[in-house]
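Take a look at the letters that make up each chain.
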Amino acid sequence: MNLRERPFYLTDDQVRWVEDTLSSLTPEQKVGQLFCVMGQDFGADELKTLVEDYNIGGILYRPAPAEDIRAWFKPLDAAARVPLLKAANLEEGGTGGLSDGTFFGWPMTVAATDDLSVMEKFAKVCALEGESVGINWTFSPVCDLDLNYRNPITNVRTCGSDFERVKSFCSQYVRTLQENGMAACAKHYPGDGVDFRDQHLHPTYNSLSAKEWYESYGAIYQQLIEDGLMSVMVGHIVQPNVAMDVNPELRFEDCLPGSLSRELLTGVLREKFGFNGVITTDATIMSGFTQAMPRREAIPTAIMAGCDMLVFTTGFYEDYQYMLDALQSGFLTEKRLNEALMRTLALKAKVAGKAPTCQVLPEAKQWQAECADKCVTLVKNNQDVLPITPERFPLIRLVTLGKDEITEGCLAAPETAEYPVESSMTAIAEELLQAAGFRTERFDIEKEELHGTLDLPKNRLTLYLANCEHASNQTAVRLFWAKKHALDVPRHGEEEPYIFVSFSNPYHLQDVPRVKTYINAYSCHRPMIEAVINKLLGKSEFKGTSPVDAFCGLPDARL
């Protein structure tokens, strides 16, 4: 294992530190280094004990105010024998690590601009805002291909379904992020987005043939490895065709999720792709991991298969003991344990131990607005309503679907922000439309009744604002209509005009296929809402390019 070469490129002094640190650790301390825990799962005193006495290797705090995260890390840094990996999910901007960071937009937002310079700015925001609180390791980019529009978890977290676009945008993200001092951890190897199910709930499958996989997901990881990617997060996703290609003796029923598969980790990542960085599991609390084999076996199996760290625990002390037991029995070998520690320590030598920068990025808000302007995509325009004017449509009826409340901040200028931290998607749109001279009304299902079409207002436009977000542990992202006769559905599309705008899911045409004007915006924050309204008014042209098939392969959705 040459730590002076890709991806760590350590100096002689750094290599000496890794070797000296490894030789100074007891077996128990080495085992502790394998764990990255969830900070909020423990009280402050217990977390300090885990760092001081159990020698845990890393911590992830869910997003909280920047000052809180800095304060939480300070005593842990003082207690740590070995510098900590401080992780976050910086997938969408600074808000992936700190609640008052910049919500730049989901990766598909950036990909829809079809402009790699926007991805460069996005990655810089992620890196510098994360580092401002001490974060040094991000579980991103999401380099999955969003091949199945029914998948509830990939969606706008990806750069889309086009292989070349995903590869180039993820490559730009990794290079920029790591040039700015943050370690990237690409996920979710061997690749989410083929199955329509969620690996949080059970093991899922990437069912591509081995050839298809190597030419798509595999090629993406190979590119990122060439770019110097420092770490990979492995999902609880089975890739049976690749595993059986590596090991022809395997049967389908014997194929394990990537996080437990020696074929996929050692056979492909290490041996075929030559990856020498850190491999970590996705969260081991997920049912995709817990259902694969008994936990007593699964915890050491993940390390023996090729993982170097374990993310989160169902019970730290239990999992820690399982690892000690495996080491004592010989199931976990000292050789494999030391290999895992060498890579983890090398990553720490590269990025850990630095003080928070506390710096801000004044350009973040401007870049966020630039991305919003470039990404909004006019997917379908089969009626003559754009641009909208008060003369033609003096009344706009607003129908809100999904989550109306949006939370946002801007680390660069919280004291001068022009909008509150808590705001409403509908209220912002209403404010902008009224300022442009429109009257507005909000759809009220309690007041709505079944009716014919003779008395439909002649000069009213109905504007749908949908914010139905992806989320873990749900089985679908669909539109669910009102129980009262589905009176909120766009039922009279041949007799009155409707415009449908999605701010968080590009696939709503599966549920509103006959809407004639449909727009995707991919993320919901004030600059995005402003960009959408400006384009509806004709003040700005639509510039976005859809990163996916927004028609979901449905011919009738194009009508």
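Below, the structure is looked at part by part. (Residues numbered from 1 in each chain as written. Predicted model: local features only at pLDDT ≥ 70, side-chain atom pairs only at ≥ 80, totals over all residues. Heavy atoms only, no water.)

Turning to the overall build of the protein, a few remarks are in order. In terms of regular secondary structure, the protein is built from 18 helices and 18 strands. Across its three principal axes, the protein shows a C-alpha extent of roughly 80 × 55 × 40 Å. Within the protein, the fraction of its 559 residues that count as buried is 61%. Here the analysis covers contacts within the protein between residues at least 6 apart in sequence; of these, 77% occur between residues at least 24 apart. (Helix = DSSP H or I, 4+ residues; strand = E, 2+ residues; numbered from the N terminus. Buried < 20%, exposed > 50% of the residue type's maximum accessible area, 1.4 Å probe, protein only. Contact = heavy atoms within 4.5 Å.)

With that settled, the discussion passes to the environment of threonine 301. Mapped onto the secondary structure, threonine 301 falls in helix α13 (residues 295-305). Residue classification places threonine 301 among the buried positions, given a relative accessible area of 13%. Sequence separation of threonine 301 and methionine 323 is 22 residues, and the distance between their C-alpha atoms is 9.4 Å. Among residues more than four places away in sequence, those in contact with threonine 301 are Leu260, Met293 and Phe331.

A rise of 1.5 Å per residue sets the reference length of helix α7 (residues 163-179), with its 17 residues, at 24 Å; its end C-alpha atoms lie 24 Å apart and thus fit the reference within 8%. For α7, the buried fraction is high: 12 of the 17 residues fall into the buried class. Every buried residue belonging to α7 is among Arg165, Val166, Lys167, Phe169, Cys170, Ser171, Gln172, Tyr173, Val174, Thr176, Leu177 and Gln178, and all of these are buried. For α7, the secondary structure elements touched by its buried residues are α5 (107-111), α6 (116-131), β4 (137-138), β5 (183-189) and α9 (217-226). Glycine 181, located one to two residues past α7, shows a positive phi value of around 90 degrees. (Expected span 1.5 Å × (residues − 1).)

For the coordinates displayed, the defined rule picks out three cavities of 30 Å³ or more. One number sums up the size of the largest cavity: a volume of about 70 Å³. For the largest cavity, the full set of lining residues is Leu90, Glu91, Pro107, Met119, Phe122, Ser140, Pro141, Val142, Cys159, Cys170 and Tyr173. Breaking the lining of the largest cavity down by element, the ones donating at least two residues are α6 and α7. Size it by volume and the second largest cavity reaches roughly 40 Å³. Every residue along the wall of the second largest cavity is listed here: Gln383, Pro490, Gly493, Glu496, Tyr498, Arg514, Val515 and Lys516. (1 Å grid on protein atoms, 1.4 Å probe; cavity = no way out; pocket = protein on both sides within 12 Å on 5 of 7 lines; lining within 4 Å. Points joined across faces, edges and corners; volume = space filled by probe spheres on them.)

Looking now at the pattern of salt bridges. Scanning the entire structure with this criterion turns up 34 salt bridges. One network of salt bridges, in which partners are shared, links Arg270, Asp308, Lys335, Arg336 and Glu339. (Salt bridge = Lys/Arg side-chain N within 4 Å of Asp/Glu carboxyl O.)

Moving on to the packing of aromatic side chains. In this structure the tally under the stated criterion is 22 aromatic pairs. Judged by centre distance (6.1 Å) and plane angle (50 degrees), the ring pair of tyrosine 464 and tyrosine 498 falls under tilted. Of this pair, tyrosine 464 sits in strand β16 (residues 460-467) while tyrosine 498 sits in strand β17 (residues 498-502); the two residues are 34 residues apart in sequence, bridging distant segments of the chain. Comparing tyrosine 464 with tyrosine 498 shows no difference in burial state: the two are buried. A cation sits over an aromatic face here: lysine 86 above phenylalanine 73, 4.8 Å from the ring centre. The ring of phenylalanine 196 has arginine 197 sitting right over it, with the charged end atom 5.7 Å from the ring centre. (Phe/Tyr/Trp six-rings, centres within 6.5 Å; stacked < 30°, edge-to-face > 60°. Lys NZ or Arg CZ within 6 Å of the ring centre and 35° of its normal.)

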